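Below are the chains, spelled out letter by letter.
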Amino acid sequence: MGGACSRLELHYAEYEAARSALQADLAAARAQWEQIDLSLREMRDTVGSGAERASILALGDIENLAARELRNRLIFGLLSVAAFVLFLVLLKRHILQPLSWNAAKLAEIRAGQTGLERPDFMLREVDDVAELLNSFSGYLAELYEQRDKLQLDSEQMSNLEQIMRVVFKASVDGYCVWSPSELRMVNRRMLSLLGASAPAESGGPGGLLSSPEDLPFERPGEIYQQVLESGLVRGERTIEDVSGNPLPVEITSLPVRLSSGTYVLSYFRDLREQKEYERNLRQAKEEAEAAAEDKHVRKGGEDV
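Since this is a predicted model, take the numbers as computed values, not measurements.

What counts, and where the lines are drawn
Residues numbered from 1 in each chain as written. Predicted model: local features only at pLDDT ≥ 70, side-chain atom pairs only at ≥ 80, totals over all residues. Heavy atoms only, no water. Pairing = 2+ DSSP bridges. Helix = DSSP H or I, 4+ residues; strand = E, 2+ residues; numbered from the N terminus. Axes fitted to C-alpha atoms, helices over the stretch in contact; angles between N-to-C directions. Contact = heavy atoms within 4.5 Å. Buried < 20%, exposed > 50% of the residue type's maximum accessible area, 1.4 Å probe, protein only. Polar contact = N/O pair within 3.5 Å; in protein donor to acceptor, adjacent residues only side chain to side chain. Patch = residues over 30% accessible without salt bridge, like charges linked within 9 Å, V, L, I, M, F, W, Y side chains within 5 Å. Areas by Shrake-Rupley, 256 points an atom, 1.4 Å probe, with all protein chains shown as cover. Salt bridge = Lys/Arg side-chain N within 4 Å of Asp/Glu carboxyl O. Phe/Tyr/Trp six-rings, centres within 6.5 Å; stacked < 30°, edge-to-face > 60°. Arc of directions from axis to C-beta. Lys, Arg positive; Asp, Glu negative; His and termini not counted. Charge placed at Lys NZ, Arg CZ, Asp CG, Glu CD.

Visitor: Explanation requested: the sheet that holds strand β2 (residues 182-186) in the structure shown.
Guide: Across the sheet, 5 strands lie side by side as β2-β1-β5-β4-β3; this open sheet has antiparallel pairing. Strand pairing shows two members of the sheet lacking a second neighbour, β2 and β3 (233-240), which therefore form its edges. Each strand of the sheet is rotated relative to its neighbour by a mean of 30°, with strand direction disregarded. As judged from the 10 bridges shared by strand β4 (residues 246-258) and strand β5 (residues 261-270), these two strands associate in the antiparallel manner. Across the sheet, the residue bridging to leucine 258 is glycine 261, located in β5. With respect to the sheet, helix α6 (residues 220-230) is in contact with β1 (174-179), β3, β4 and β5, its orientation differing from that of β5 by roughly 100°.

Shown next as structure tokens:
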């Protein structure tokens, strides 16, 4: 019995010792936990205040960047507007105003007026164009003023050419229109008179009549200048047809202005019948004079 109590007391003493050690360990652990908790709280406070300050600084930097970006955008926008306004001013001053002046000047010239003054332009090329337009404005205004008259003259000239062609076809005399470098027109009577043919009728009788050198003139160039200077050249001469036969003609030449230039209109009047008539008349006169003289001689002999 006593041994059992002793063992029980021994176990109780061990228990008490273990409990005391456990309580001591708990107290030490509590003290360490409290220390750790205090450290954690201090760390939390430190981290929280630092993060808050960092956030505040970051937000401030973002606001500063946003304000600077807005300011840069406003400056860029103002510069763009100013550059566009300057571009419009320069465009109007150096391009639109010269173009407007040129248009107004051309309208004035078309109306036959020349009173619009020329301003000075900064661009050299535009100023040169304006100066040329201003210099020739008088000539251009005169041309515009005479435009209707020139158009009427052109129509009249075309009508005269048509009339001339009809007259050529129906004329009983030989006609040709020529210059030193071109044989413009030849009527059929001229071809018949010379016994020649036109280039399109190369298979006809006689030779071709296709250039001024084929006309019966010794020096066409000199005759051309003489006709232009005097206005009319007329004379009789004996020419040869393409077969070499003599042909007395009266040639009348005068200048004529066509749409393509100045030419000479020459017409040839056949004098063969007239010369034959004159020859017969002269022969009849000579025969009458001879008969009268013979009669006079016979009458004188009878009186003796």
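Okay, back to it.
Visitor: Can you walk me through the side chain of asparagine 187 in this structure?
Guide: By secondary structure assignment, the location of asparagine 187 is in the loop between β2 and α5 (188-194). Its relative accessible area of 3% is what places asparagine 187 among the buried residues. Of the polar contacts made by the side chain of asparagine 187, one reaches the backbone nitrogen of methionine 190; its length is 3.0 Å.

Visitor: I'm lost on the pairing of β2 in this one. Help?
Guide: Here is the key point about a regular strand: its side chains alternate between the two faces of the sheet. Direction of pairing for β1 relative to β2: antiparallel, over a ladder of 4 bridges. Each bridged residue has a counterpart across the sheet, and for cysteine 176 the counterpart in β2 is valine 186. Between β1 and β2, which pair antiparallel one after the other, the connecting turn spans 2 residues.

Visitor: Got a minute to help me understand the environment of arginine 237 in this structure?
Guide: Mapped onto the secondary structure, arginine 237 falls in strand β3. Classification of arginine 237 by relative accessible area gives partly exposed; the value is 31%. Residues arginine 237 and valine 249, spaced 12 residues apart in sequence, show a C-alpha to C-alpha distance of 5.8 Å. Excluding residues that lie within four positions of it along the chain, arginine 237 makes contacts with Pro216, Phe217, Glu218, Leu247, Pro248, Val249 and Ile251.

Visitor: Whenever I open this one, a nonpolar patch on the surface confuses me. Can you help?
Guide: Together, Trp33, Ile36, Leu40 and Met43 make up an exposed nonpolar region whose accessible area comes to about 440 Å². Relative to the assigned elements, isoleucine 36 resides in helix α1 (residues 2-110). The class of isoleucine 36 is partly exposed, set by a relative accessible area of 42%.

Visitor: What should I look at first to understand the pattern of salt bridges in this one?
Guide: It is possible for side chains of opposite charge to pair when their charged atoms get near one another. Tallied over the full model, the rule gives 9 salt bridges. With a closest N to O distance of 3.8 Å, aspartate 270 and arginine 189 form a salt bridge. With a gap of 81 residues between them, aspartate 270 in strand β5 and arginine 189 in helix α5 connect regions that are remote in the sequence.

Visitor: How should I be thinking about the packing of aromatic side chains in this particular structure?
Guide: Aromatic rings in a pair are described by how distant their centres are and how their planes are angled relative to each other. Inspection of the entire model under this criterion finds 4 aromatic pairs. Ring centres 5.2 Å apart and planes at 35° place the aromatic pair tyrosine 175 and tyrosine 267 in the tilted group. Linking tyrosine 175 in strand β1 with tyrosine 267 in strand β5, this pair joins segments that are 92 residues apart in sequence. For the pair shown, tyrosine 175 and tyrosine 267 are each scored as buried. Pairwise contacts between aromatic rings join Trp178, Phe217, Tyr224 and Phe268 into one cluster.

Visitor: Sorry, what's going on with α6 here?
Guide: For an α-helix, 3.6 residues make a turn, and residues three or four places apart therefore share a direction. Every buried residue belonging to α6 is among Pro220, Ile223, Tyr224 and Val227, and all of these are buried. Buried residues of α6, viewed axially, fall in a sector of 105°; they line one side. Residues of α6 that are buried sit in contact with β1, β3, β4 and β5. Taken from the residues just after α6, glycine 231 is the one with a positive phi, measuring 90°.

Visitor: Hey, could you run me through a negative patch on the surface in this one?
Guide: Where like charges cluster on the molecular surface, the negative patch consists of Glu286, Glu287, Glu289 and Glu293. Its place among the elements puts glutamate 293 in helix α7 (residues 272-303).

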